[in-house]
Amino acid sequence: MSSHPVPVPTSSGEAATPPGTLWSRMRADPQYAPEHLALEAVRRLGPEAAEWAARTRAGRPGITPDELATLAVKNFTTLARLSGAVSGVAGLPGAVLDVGVLAWTQARMVLHIAAAHGADPTAPERATDLLVLQRVHKAAETARTALGVAAGRERASRIFTGPEGGPLGGALIKLSVKLAHMAGVRAARKVFAKMVPGAGVVLGTWVNSAATKDLARRAREHYR
């Protein structure tokens, strides 16, 4: 068998960014944006993480969980570093897109770390892990409660349709703050980076990398 590592899926493909349906859900319900993102990440990204871990173990039978997790961390830290200016959109809308992509990439990384250490990345409790590890909630119990509320609101939105509520600018600000908190960065920094020419690349790269590395450390400690 080949001793070469199986590459972690990169930025290509539909898994690289939050799907349009998730963006719509988060914009309509920004208060529970992190919970909506966590639920969707487990549904969409969990199977990818499980498949990658299985393929890598088959290709490298002697690989340890820590070595497997290291492959994921290196890949997704690179993706997070490059996501700072990915949208190409200026101002607040660009900041929202950037922190959303970063939070999604980080969730993807955590699920791959979980799979590397033998935890099922498709299990519902991974959404709870994401919210605690990304410091949206301090305890698993409160995270589960919030996920239950978000899931209920998601089901209701499929049955009832109505106005989104509130001006677009206000919804975007709330969404930006919520996603930036989840991704471990300050929303104000992202807005600044989008409004000052040239600042986005430098600031986005440093902030995204530092926040993602810190999350990777917590996730590895949690799943070991």
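Not measured: the values here are computed from a predicted model.

### Section: helix H1 (residues 20–28)
Looking at H1, one finds that the buried residues are Leu22, Trp23, Arg25 and Met26. One side of H1 holds all its buried residues, which, seen down the axis, span an arc of 165 degrees.

### Regarding the pattern of salt bridges
Two side chains of opposite charge can pair, provided their charged atoms sit close to one another. Within the structure shown, the criterion is met by 14 salt bridges. Residue Arg25 is joined to Glu40 by a salt bridge in which the shortest nitrogen-to-oxygen separation is 3.3 Å. Here Glu40 lies in helix H2 (residues 33–59) and Arg25 lies in helix H1, a separation of 15 residues in the sequence. Here the two residues Arg25 and Glu40 agree in accessibility, since each one is buried. Across the pair Arg218 and Asp214 runs a salt bridge, and its minimum N-O distance is 2.5 Å. Taken as a pair, Arg218 and Asp214 lie in helix H9 (residues 199–223) at a separation of 4 residues, close to a single helical turn. Residue Asp214 is classed as partly exposed on the basis of its relative accessible area, which comes to 28%. Salt bridges sharing common partners tie together Arg25, Glu40, Arg43, Arg44 and Glu154.

### Overview of unusual backbone geometry
Positive phi, close to 60 degrees, is recorded for Arg135, a residue that is not glycine. Within the element layout of this structure, Arg135 appears in the loop between helix H5 (125–133) and helix H6 (140–159).

### Brief notes about the environment of His181
Take His181: it is sitting in helix H7 (residues 168–183). Each C-alpha atom of the pair His181 and Val136 lies 6.9 Å from the other, and the pair is 45 residues apart in sequence. Leaving out residues up to four positions away in the same chain, His181 has contacts with Gln134, Arg135 and Val136.

### Examining the environment of Ala95
Here Ala95 lies in helix H4 (residues 91–116). Residue classification places Ala95 among the buried positions, given a relative accessible area of 0%. Once the C-alpha coordinates of Ala95 and Ser176 are considered, the two residues, 81 residues apart in sequence, prove to be 6.9 Å apart.

### As for the side chain of Thr212
Relative to the elements of secondary structure, Thr212 occurs in helix H9. Here Thr212 is in contact with Phe76, Thr77, Ala80, Leu102, Gln106 and Met109, once residues within four sequence places are set aside.

### Concerning H2
Here H2 contains 27 residues, and its C-alpha end-to-end distance of 38 Å stays within 8% of the 39 Å for a straight helix at 1.5 Å per residue. Maximal helix bending in H2 amounts to about 45 degrees, located at Leu45; proline Pro47 follows within four positions.

### Regarding the packing of H2 against helix H3 (residues 65–82)
Where H2 contacts H3, the two axes come as close as 11 Å, and the packing angle between them is 125 degrees. Taken together, H2 and H3 sit at an angle that is classed as oblique. Crossing geometry of H2 relative to H3 is assigned as right-handed. For the pair formed by H2 and H3, the contact residues are Trp52, Ala53, Thr56 and Arg57 on the first element and Leu68, Leu71 and Ala72 on the second.

### Looking at the nonpolar core
Within the largest apolar cluster, 59 residues are counted, with the highest numbers of intra-cluster contacts made by Met26, Leu37, Ile113, Leu179 and Val185. Among the secondary structure elements, those contributing two or more residues to this core are H1, H2, H3, H4, H5, H6, H7 and H9. With 13 residues, the single largest contributor to this core is H4. Ignoring any residue separated from it by four or fewer positions in sequence, one finds Ile113 in contact with Ala69, Val73, Ala216, Ala219, Arg220 and Tyr223.

What counts, and where the lines are drawn
Residues numbered from 1 in each chain as written. Predicted model: local features only at pLDDT ≥ 70, side-chain atom pairs only at ≥ 80, totals over all residues. Heavy atoms only, no water. Buried < 20%, exposed > 50% of the residue type's maximum accessible area, 1.4 Å probe, protein only. Helix = DSSP H or I, 4+ residues; strand = E, 2+ residues; numbered from the N terminus. Arc of directions from axis to C-beta. Salt bridge = Lys/Arg side-chain N within 4 Å of Asp/Glu carboxyl O. Contact = heavy atoms within 4.5 Å. Expected span 1.5 Å × (residues − 1). Bend = angle between axes of the 7 residues up to and from the residue. Axes fitted to C-alpha atoms, helices over the stretch in contact; angles between N-to-C directions. Parallel < 35°, antiparallel > 145°, perpendicular 65-115°, else oblique. Left-handed = near helix turned anticlockwise from the far one by under 90°. Core = buried A, V, L, I, M, F, W, Y, C linked by side-chain atoms within 4.5 Å.

Just distances and angles here, no functional claims.
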